[in-house]
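Secondary and tertiary structure notes
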Amino acid sequence: MVGAHAFLPLLPTARAAWILAGFAPVALVIAAAQPRLWVIAPIAALALIALIICDALLAARLESWQVSVPEDSEVGRKTAIAVHAQLARGAVNGARASLALDPRLGASGRAVVHLESIHENDRFRADFAVRPLRRGTAQVTRAWLRWAGPLGLGARQAQRELGGAAMRIWPDLTPTRSPELQTFLRDAAAGLIARRIRGEGTQFEALREYQPGMDRRQIDWKASARHTHLYARENESERNNQIVFAFDCGPAMCETVDGLPRIDRAVTAALTCAYVALKGGDKVALFGFAQRPRMLTPFAQNVRAFHRLQSAAASLDYEAAESNFTLALATLTAKLRRRSLIVLFSDFTDPTAAELMIESIGRLVERHLVLFVTIADSELEAFTRAPPGDVATLARAVTADSLLHQRQVVLQRLRHLGVAVVEAPHERIGYELIDRYFAIRNHEAIG
């Protein structure tokens, strides 16, 4: 809460400034036409200044005002900030508030909102939305409140520091709260997904009589010979698998896709898949690296520990130094004691920069199952689809097509190493990752 000031400065409005500016050419015309009457211009200017002061004095008195900043938000999601003011015993014309914002909350670092009257014209309120662009702690450092008198010529202004108004910006967990995912998880708990899992895993569960339409590869010929009847094996997917979500925090992942850095898109997809994996009985850890390894969390073993993964993901920083895949993946390999699924989120700009990445991933594949996840480059794809209206557009399209081809060459090389690859637009990357996770879990022996 910001209380009323004992004295608030009186200021001219933009309307008054334009009127004062208009006196200059009028004074020149009077001085040229009737030199004896030149005194009229300064007298009129002084009268206008007096009118501005009187108008400002007739403006309402500030009783109190408050800037409400939410303590928490999620990156990329609109968050409301509210300004409340109580102005009494006077006129209120064009009340507005200005806020100095952290760059994480907006590119301009400034917001201007107009207040509307509520409760018998003595209380005013404004709500406006900010869209956090990066994770971290964002400060709303200072606020200004201004309102004019009845003529709109003079105004009062209050300002205060808001050092304690901070907003913690977390990774976006909207997909985990989506009705589609919640419905999917409820169906899984009810047994609909269990029927899909049974028969596709590698751990033996039971024998059952073979029925037409069942996979013939599941027939247990020895048991069938003993019973002189066809019997099929029912398998169950493995539980308690170790899954590590590894994040490249280097410059390639700090580039924006539709307004948000790739690393934030990756964190959202990873946490969504981690939530599903914990629901399914697997263990999940997070690993972050850039020039050197930054973070490796302990394995979370149930959904109750999901908040620890969210907090760890929020601490992943944006770094300008090139990522050292050799050191990072070697460190990760040394930390893991059993075969795990490594989900690596990364990107690359050219094949030369990807060479060390491919070499390091090749060594990782020898001991672990690796899933490489990258966000499709929508900007390059837009360049290739642009109509060739001029030479510059045509050259840009040819260059973009060449870069996309080189990108596919790198991804194909990863596939040849035995790496599963997921490449999709950012809005689908989370669900594509979940589908691939289930495919790997139900058909491959991770552990």
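What comes next concerns the included structure. (Residues numbered from 1 in each chain as written. Predicted model: local features only at pLDDT ≥ 70, side-chain atom pairs only at ≥ 80, totals over all residues. Heavy atoms only, no water.)

Residues Leu10, Leu20, Leu46, Ile49, Ile53 and Leu57 make up a contiguous nonpolar surface patch of roughly 490 Å² in combined accessible area. Per-element accounting of the nonpolar patch gives the leading share, four residues, to helix α2 (residues 40–57). When you line up the elements, Leu20 lands in helix α1 (residues 14–33). (Patch = residues over 30% accessible without salt bridge, like charges linked within 9 Å, V, L, I, M, F, W, Y side chains within 5 Å. Areas by Shrake-Rupley, 256 points an atom, 1.4 Å probe, with all protein chains shown as cover. Salt bridge = Lys/Arg side-chain N within 4 Å of Asp/Glu carboxyl O. Helix = DSSP H or I, 4+ residues; strand = E, 2+ residues; numbered from the N terminus.)

All told, the structure shown has six aromatic pairs when counted by the stated rule. Taking 5.4 Å as the distance between ring centres and 75° as the angle between the ring planes, the aromatic pair formed by Tyr275 and Phe306 counts as edge-to-face. Separated by 31 residues along the polypeptide, Tyr275 in helix α7 (residues 262–279) and Phe306 in helix α8 (residues 306–314) bring together distant segments of the chain. Accessibility assignment for this pair places Tyr275 and Phe306 in one class, buried. Here Phe287 and Phe289 contribute two aromatic rings whose centre-to-centre distance is 5.7 Å and whose plane-to-plane angle is 25°, an arrangement assigned as stacked. With relative accessibility at 2%, the residue Phe287 sits in the buried group. Through pairs of rings, three or more aromatic residues link up here, namely Phe245, Phe247 and Phe345. The ring of Tyr318 carries Arg134 above its face, with NZ or CZ at 4.4 Å from the centroid. The ring of Phe299 is capped by Lys283, whose NZ or CZ atom sits 5.9 Å from the centre of that ring. (Phe/Tyr/Trp six-rings, centres within 6.5 Å; stacked < 30°, edge-to-face > 60°. Buried < 20%, exposed > 50% of the residue type's maximum accessible area, 1.4 Å probe, protein only. Lys NZ or Arg CZ within 6 Å of the ring centre and 35° of its normal.)

A few words on the packing of α1 against α2. At a closest axis distance of 10 Å, the pairing of α1 and α2 adopts a crossing angle of 175°. Here α1 lies roughly antiparallel to α2, going by the angle between them. Every residue of α2 that contacts α1 at Ala16, Ile19, Leu20, Phe23 and Ala27 is listed here: Ala41, Ala44, Ala45, Leu48 and Ile52. Split into classes, the residues belonging to the contact of α1 with α2 amount to 10 nonpolar, no polar and no charged. (Axes fitted to C-alpha atoms, helices over the stretch in contact; angles between N-to-C directions. Parallel < 35°, antiparallel > 145°, perpendicular 65-115°, else oblique. Contact = heavy atoms within 4.5 Å. Nonpolar A, V, L, I, M, F, W, Y, C, P; charged D, E, K, R; others polar.)

In this section: the sheet that holds strand β18 (residues 283–289). Strand order in this open sheet of six strands is β19-β18-β15-β20-β21-β22, and the pairing throughout is mixed. A strand with exactly one partner marks an edge of an open sheet, and here the two such strands are β19 (293–296) and β22 (420–424). Neighbouring strand axes in the sheet, compared pairwise and without regard to direction, differ in orientation by 20° on average. Where strand β21 (residues 369–375) lies against β22, five bridges are found, and the strand directions are parallel. Looking across to β22, one finds that Thr374 is bridged to Glu423. Its contacts with the sheet put helix α12 (residues 391–416) on β21 and β22, and the angle it makes with β22 is roughly 150°. (Pairing = 2+ DSSP bridges.)

Here we come to the side chain of Gln86. Residue placement: Gln86 occurs in strand β5 (residues 79–88). Here the side chain of Gln86 touches Arg123 through a polar contact of 3.5 Å, side chain to side chain. When near neighbours in sequence (up to four residues on either side) are disregarded, Gln86 contacts Arg61, Leu62, Glu63, Ser64, Asp122 and Arg123. (Polar contact = N/O pair within 3.5 Å; in protein donor to acceptor, adjacent residues only side chain to side chain.)

The next thing to look at is the pairing of strand β20 (residues 341–345). Most of β20 sits inside the fold, with five of its five residues counted as buried. Of the two faces of β20, the one holding Leu341, Val343 and Phe345 and the one holding Ile342 and Leu344 are both buried throughout. Relative to β20, strand β15 (residues 242–248) runs parallel, the two sharing five bridges. From the neighbouring strand, Ile243 faces β20, where its bridge partner is Leu341. Of the strand pairs in this sheet, β20 and β21 are connected by five bridges, and their pairing is parallel. Among the inter-strand pairings, Val343 is bridged to a residue of β21, identified as Leu371.

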